[in-house]
Amino acid sequence: MTTQSNAISGSPLESQALAPTEIPVTRILYWSVRRELWENRSVYLAPLGVAAIFLFGFLLSLFRLPGKMRGAAALTPMQLHVLIERPYSFAALLVMGSGFLVALFYCLDALHGERHDRSVLFWKSLPVSDLATVLSKAAIPIVIIPLLSFAITVAIQWLMLMFSTLVLLGNGQSISLLWTHVPLFQMSLMLLYHLLAGHALWYAPIYAWVLMVSAWARRATFLWAVLPLVAIGFLEKVAFNTAHFGAFLGRRLGPGAEDVPYTVDSISMAPLTLHTVLRFFSTPGLWIGLIFAVAFLAVAVRLRHNRGPI
Amino acid sequence: MTVIEARGLRKSFGATLALDGVDLRVEEGRILGLIGPNGAGKSTALHAILGLTPYQGELKVLGRDPWSQRDQLMRDVCFIADVAVLPRWMRVAHALDYVAGVHPRFDRAKAEAFLAKTSIRPASKVRELSKGMVTQLHLALVMAIDAKLLVLDEPTLGLDILYRKQFYDSLLNDYFDGRRTIVVTTHQVEEVQHVLTDVMFINRGRIVFNCSMEELEARYMELTVRPDRSDAARALKPMHERQVLGRSILLFDSGVSQNVDRTQLQALGDVRTPSIADLFVAILGSMPTQGVAQ
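Residues numbered from 1 in each chain as written. Chains lettered and ligands numbered in written order. Predicted model: local features only at pLDDT ≥ 70, side-chain atom pairs only at ≥ 80, totals over all residues.

A. Quick peek at the overall build of chain A. The helix and strand inventory of chain A stands at 16 helices and 0 strands. Counting all 310 residues of chain A, 32% fall into the buried class. The contacts of chain A with a sequence gap of at least 6 include a subset with a gap of at least 24, amounting to 80%. (Helix = DSSP H or I, 4+ residues; strand = E, 2+ residues; numbered from the N terminus. Buried ≥ 20, exposed ≤ 12 C-beta atoms within 10 Å, placed from the backbone. Contact = placed C-beta atoms within 7 Å.)

In structure tokens:
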């Protein structure tokens, strides 16, 4: 954690001479994010736990690896892909999926829990603005969890490759097939892009919506976050017999539609090209979503300012 | 310097008026006790001062508008709320880290020195501490902040007498230095009487009494009247009379009854300065629509 030393050592003499009562915003955000991680240890424990369980299962499967690799020469490239690469993609999916769930549940509680246990009175007795508080809470699902998922996934994929290599070498087999089908560096790059584009930017309005509900609702944050959306879809169905809203939510959340290149379930190991990146960043849905995210967060800041303990 | 200045402060929750035109002025270096029955508007007034609730009227705290400038204001203001509000999941060491991280006027060494005198360990979580210890922890955090105004809302509620005594002793000996200003609300009036420099009674959202302790001592007299002189004493128009163990205790306000003086009363019985609690009962009890049950 080097941010702290950076923030503190940012020429203290100079800043003191200017204004003895100023604390840089970066330092306030840094400590606010650390505070969130102290409180919500599941943010990193859950993906770590999922990764550990998966790794354990993978290690058990390694007993069968030498046999599989012996028969690999007869397989088509597609079957080879399934045999060798799929566990690596699956590891990434599991870690990202758990990260997504943790992020949602984190957001549901983030601005509700502090009002419920009245600790908001303590937080508000400190010189930290509502904007800084909400931003630090939004940073957990939008920045911290994607980066953590990336680090954990890369670590577990390296471990998987190392253990597979050791097993094959121990059996006197060649590792060239394994290493050519598991391009770790390229996979990591792809994963990072997927996490930043999909989990951070594409999902940002979802997290912002849930944070806003968490700042607003007195109780049952989960229901308040979900039921209005269900109600809108239901009304649309009854009134117009269409399902555009549901389809819209599905595109935001799930795998699938053409115009959403990257979501949780459609991670592709195709090489990352400028074309795919440009296509994603020219999707209107991305920018409309980000505008909504900013609006939801602005309302959340307002609510944090206005609402007291419950 | 004026620390708090309020004019015509109003706040309503639906149909109930919590603050009904409060005028308030607190100068630097005062320790003001805000005394009132439950639901009188004490906490609402404090929350307005702390920027926790919106209000109508004019309010300036250290020259700032608390509602729109809470975060800047909190560099110079500290607050301990009515119940322990420290987050229960937090470790003592984390609390120190965090406050040191975000507060420009926090002196960590000072807080640690204070905690060293208690049985609170840095690795403990707040949920593992007793209520008294949580208050001690909060006090340690607050006393290590070089603030101009400290607001205490029932800080000793639910604590046993040892902790309560300790709390006010620490506050006076280790914290208060004549430059700081303290506003405190409490039900344990007797325990703060010797601490205060000013006292204010609030009832139904209005300030009904506002007086410095020196003025209170000079102006109000409590006479435990000798049985044979009670008629003579009553003729001097006491503001309040109560019976204790068959003896009449009369309260005089020399500001209203100009002809009453101390030597005159001493001829009728024992004279002393009334306690804030007795004065409170006398003043609020004399208000027509308010039944004082406390």
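B. Structural detail: the overall build of chain B. Across its full length, chain B holds 11 helices and 13 strands. For chain B, whose C-alpha radius of gyration is 21 Å, the value lies close to the compact-globule estimate of 19 Å for 294 residues. C-alpha atoms of chain B, sized along the principal axes, occupy 65 × 40 × 35 Å. (Rg over C-alpha atoms; globule rule 2.2 N^0.38 Å.)

C. Focus on helix α13 (residues 221–240) of chain A. Residue and element names in this part refer to chain A. With 20 residues, α13 should reach 28 Å at 1.5 Å per residue; the first-to-last C-alpha distance of 29 Å fits that figure. At L227, α13 shows its maximal kink, close to 25°; a proline, P228, follows between one and four residues later. Within two residues after α13, N241 carries a phi angle of roughly 55°, on the positive side. (Expected span 1.5 Å × (residues − 1). Bend = angle between axes of the 7 residues up to and from the residue.)

D. Local environment of the environment of L9 of chain B. All names here are of chain B. Secondary-structure assignment places L9 in strand β1 (residues 2–13). The exposure class of L9 is buried, given the 23 C-beta atoms found within 10 Å. Placed 46 residues apart in sequence, L9 and Y55 show a C-alpha to C-alpha distance of 6.8 Å.

E. Structural context of the interface of chain B and chain A. Counting residues at the interface gives 25 residues for chain B and 22 residues for chain A. Of all the secondary-structure elements, those providing two or more residues to the side of chain B that touches chain A are α2 (70–73), β5 (77–80) and α3 (92–102) of chain B.

F. Region of interest: the packing of helix α12 (residues 204–216) of chain A against helix α16 (residues 284–306) of chain A. Residue and element names in this part refer to chain A. Where α12 meets α16, the closest approach of the two axes is 8 Å, and the angle between their N-to-C directions is 20°. As the angle between them shows, α12 and α16 are arranged roughly parallel. Like other packed secondary-structure pairs, α12 and α16 cross with a definite hand, here left-handed. Residues A204, P205, A208, W209, L211, M212, A215 and W216 of α12 form the contact with α16, whose participating residues are G289, L290, F292, A293, F296, L297, V299, A300, L303 and R304. Within the contact of α12 with α16, the residues separate by chemical class into 16 nonpolar, 1 polar and 1 charged. (Axes fitted to C-alpha atoms, helices over the stretch in contact; angles between N-to-C directions. Parallel < 35°, antiparallel > 145°, perpendicular 65-115°, else oblique. Left-handed = near helix turned anticlockwise from the far one by under 90°. Nonpolar A, V, L, I, M, F, W, Y, C, P; charged D, E, K, R; others polar.)

G. Structural context of the pairing of strand β10 (residues 220–225) of chain B. All names here are of chain B. Most of β10 is tucked away, with 5 of its 6 residues classed as buried. Where β10 lies against strand β13 (residues 269–272), 4 bridges are found, and the strand directions are antiparallel. Bridged to V225 within β13 is G269. (Pairing = 2+ DSSP bridges.)

H. Just unusual backbone geometry, in detail. Although it is not a glycine, R118 of chain A sits at a positive phi angle of roughly 65°. Positive phi outside glycine occurs at R204 of chain B, with the angle close to 50°. Its location among the elements puts R204 of chain B in the loop between β8 (198–203) and β9 (206–212). Residue R204 of chain B is classed as partly exposed on the basis of its 19 C-beta neighbours within 10 Å.

I. Spotlight on the sheet that holds β1 of chain B. Residue and element names in this part refer to chain B. Reading across from one edge, β2-β1-β4 is the order of the 3 strands in this open sheet, with antiparallel pairing throughout. The open sheet has two free edges, formed respectively by β2 (16–27) and β4 (56–61), since each of these has just one partner strand. Sheet twist, expressed as the average angle between the axes of neighbouring strands with direction ignored, equals 15°. By the bridge criterion, 5 bridges tie β1 to β4 in an arrangement that is antiparallel. Its bridge partner lying in β4, E5 is registered against K60.

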